[in-house]
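Observations on the three-dimensional arrangement
So the chains spell out like this:
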Amino acid sequence: MATATPPRLTRSQVEEIVRQVVTERLKAPGPGASGLVVHASARHAHLCREDLDRLFGPGYELTVDRELYQPGNFAAKETVTLIGPRSRLISNLRILGPLRSRTQIELAFTDAVSLGYEDVPIRLSGDLDGTPGAYVMGPHGVVVLKEGVIRAAMHAHMSTDEAAGYGVSPGDVMKLRVGGDAGVTFERVHVRVDPAFRLEVHMDTDEANACGLRYAREIGLFK
Ligand SMILES: [Zn+2]
């Protein structure tokens, strides 16, 4: 019996197939169909001017690597090394810009455990009093951070109009349902309103993995 060799695709045929698949994915009505997008924020650092100077040298300016969804925010090319209790460390911790008035390190629960923290509280951005500290190492120097390590509370960015549409005010707490094989409803999504914000929910990587965000079939934000 003659065995047929499977036909080989030419390079241009492969490219055409890839193009079709990519285009279909882009057109697929994903969770953003209602204008709502949910993004997982990997662990990262926000730095104040003074700490950037100490870590990278006086007057140093961050380099934009990638613009983020919220206008004006970006992932920088620069990274730092984070050293936690018991001298465990995370290297290549991404810095997000622009600079803030206080340095803040945002970790997922898994990151906090692997660094040896007993407890890293869930806090809103900027609410840093009484949080644990860390050593932060850059190419120019080291910062001894007395406090500023948090797990970021899940939150929704929205414009004034979008807040009115949902009937919510800054500081309100909403629910986020992520439908899929896991099917999870998060009960505490903090509302943050600014005229310049675009509608977006931020969760950390543990939360995204827990709800299977990447494979979510439907996403809803409600009161
Ligand atoms: Zn955010």
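Residues numbered from 1 in each chain as written. Predicted model: local features only at pLDDT ≥ 70, side-chain atom pairs only at ≥ 80, totals over all residues. Heavy atoms only, no water.

Observations regarding the overall build of the protein chain
- When its secondary structure is counted, the protein chain shows five helices and 15 strands.
- Expressed as a percentage of the 223 residues in the protein chain, the buried residues total 39%.
- Once local pairs closer than 6 in sequence are excluded, the contacts in the protein chain between residues at least 24 apart make up 64%.
- For the protein chain, the accessible area works out to roughly 12,900 Å², and carbon and sulfur atoms hold 53% of it. (Helix = DSSP H or I, 4+ residues; strand = E, 2+ residues; numbered from the N terminus. Buried < 20%, exposed > 50% of the residue type's maximum accessible area, 1.4 Å probe, protein only. Contact = heavy atoms within 4.5 Å. Areas by Shrake-Rupley, 256 points an atom, 1.4 Å probe, with all protein chains shown as cover.)

Details of the packing of aromatic side chains
- Counted under the stated rule, the structure contains one aromatic pair.
- Cation over ring: arginine 198 sits above tyrosine 69, and NZ or CZ is 3.7 Å from the ring centre. (Phe/Tyr/Trp six-rings, centres within 6.5 Å; stacked < 30°, edge-to-face > 60°. Lys NZ or Arg CZ within 6 Å of the ring centre and 35° of its normal.)

A few points about the pattern of salt bridges
- In the structure shown here, the tally under the stated rule is 11 salt bridges.
- A salt bridge links glutamate 147 to arginine 102; the shortest N-O distance between them is 3.0 Å. Here glutamate 147, found in the loop between strand E9 (142-145) and strand E10 (149-152), pairs with arginine 102, found in the loop between strand E5 (89-97) and strand E6 (104-106); they are 45 residues apart in sequence, far enough to count as distant.
- The partly exposed category is assigned to arginine 102, whose relative accessible area is 33%.
- Measuring nitrogen to oxygen at the nearest pair gives 3.2 Å for the salt bridge that ties arginine 217 to aspartate 181. Taken together, the residues span a long stretch of sequence, with arginine 217 in the loop between helix H5 (205-211) and strand E15 (218-222) and aspartate 181 in the loop between strand E12 (173-179) and strand E13 (184-193) at a distance of 36 residues.
- What makes aspartate 181 exposed here is its relative accessible area of 74%.
- Among the charged side chains, a salt-bridge network with shared partners connects Arg49, Asp53 and Glu61. (Salt bridge = Lys/Arg side-chain N within 4 Å of Asp/Glu carboxyl O.)

Remarks on the confidence of the model for the protein chain
- Across the protein chain, pLDDT averages 91, with 88% of residues at or above 70.
- In the model, residues 25-33 has pLDDT below 50 throughout and makes three contacts with residues more than four positions away in sequence or in other chains. (pLDDT = per-residue confidence, 0-100.)

Quick notes on the coordination of the zinc ion
- Binding of the zinc ion to the protein goes through His155 (NE2), His157 (NE2) and His202 (ND1), at separations of 1.9 to 2.1 Å.
- Motif for the zinc ion, donor spacing along one chain: H-x1-H-x44-H. With a gap of 47 residues between them, histidine 155 in strand E11 (residues 155-158) and histidine 202 in strand E14 (residues 200-204) connect regions that are remote in the sequence. The two residues histidine 155 and histidine 202 agree in class, both being buried. (Donors = N, O, S within 2.8 Å, 3.2 Å for Na, K, Ca; no water.)

As for the sheet that holds E15
- Strand order across the open sheet formed by six strands is E1-E14-E11-E13-E12-E15, with mixed pairing between neighbours. Of all strands in the sheet, those bounded by a partner on one side alone are strand E1 (37-41) and E15. On average, adjacent strands in this sheet sit at an angle of 30 degrees to one another, irrespective of strand direction.
- Here three bridges tie E11 to E14, and the two strands are oriented antiparallel to one another. Bridge pairing links histidine 155 to histidine 202 in E14. (Pairing = 2+ DSSP bridges. Axes fitted to C-alpha atoms, helices over the stretch in contact; angles between N-to-C directions.)

Topic: the side chain of threonine 103
- Locating threonine 103 in the fold gives a position in the loop between E5 and E6.
- Residue class for threonine 103 comes out buried when judged on its relative accessible area of 5%.
- Only 3.1 Å separates the side chain of threonine 103 from the backbone nitrogen of cysteine 48, close enough to count as a polar contact.
- Side chain to side chain, threonine 103 and aspartate 51 meet in a polar contact 2.6 Å long.
- For threonine 103, the residues in contact, after removing those within four places along its chain, are His46, Leu47, Cys48, Asp51, Leu128, Leu145, Glu147 and Gly148. (Polar contact = N/O pair within 3.5 Å; in protein donor to acceptor, adjacent residues only side chain to side chain.)

Considerations on a nonpolar patch on the surface
- Taken together, the side chains of Tyr135, Met137, Val142 and Val144 make up a nonpolar region of the molecular surface, amounting to roughly 360 Å² of accessible area.
- Of all the secondary structure elements, the ones that give two or more residues to the nonpolar patch are strand E8 (134-137) and E9.
- Locating methionine 137 in the fold gives a position in strand E8.
- Residue classification places methionine 137 among the partly exposed residues on the basis of a relative accessible area of 36%. (Patch = residues over 30% accessible without salt bridge, like charges linked within 9 Å, V, L, I, M, F, W, Y side chains within 5 Å.)

Topic: the pairing of E14
- Of all the five residues making up E14, five are buried; the element is thus mostly covered by neighbouring parts of the structure.
- The alternating pattern of E14 places Glu200, His202 and Asp204 and Val201 and Met203 on opposite faces, both of which are buried.
- Both E1 and E14 contribute to a ladder of five bridges, which runs parallel. Across the sheet, the residue bridging to valine 38 is valine 201, located in E14.

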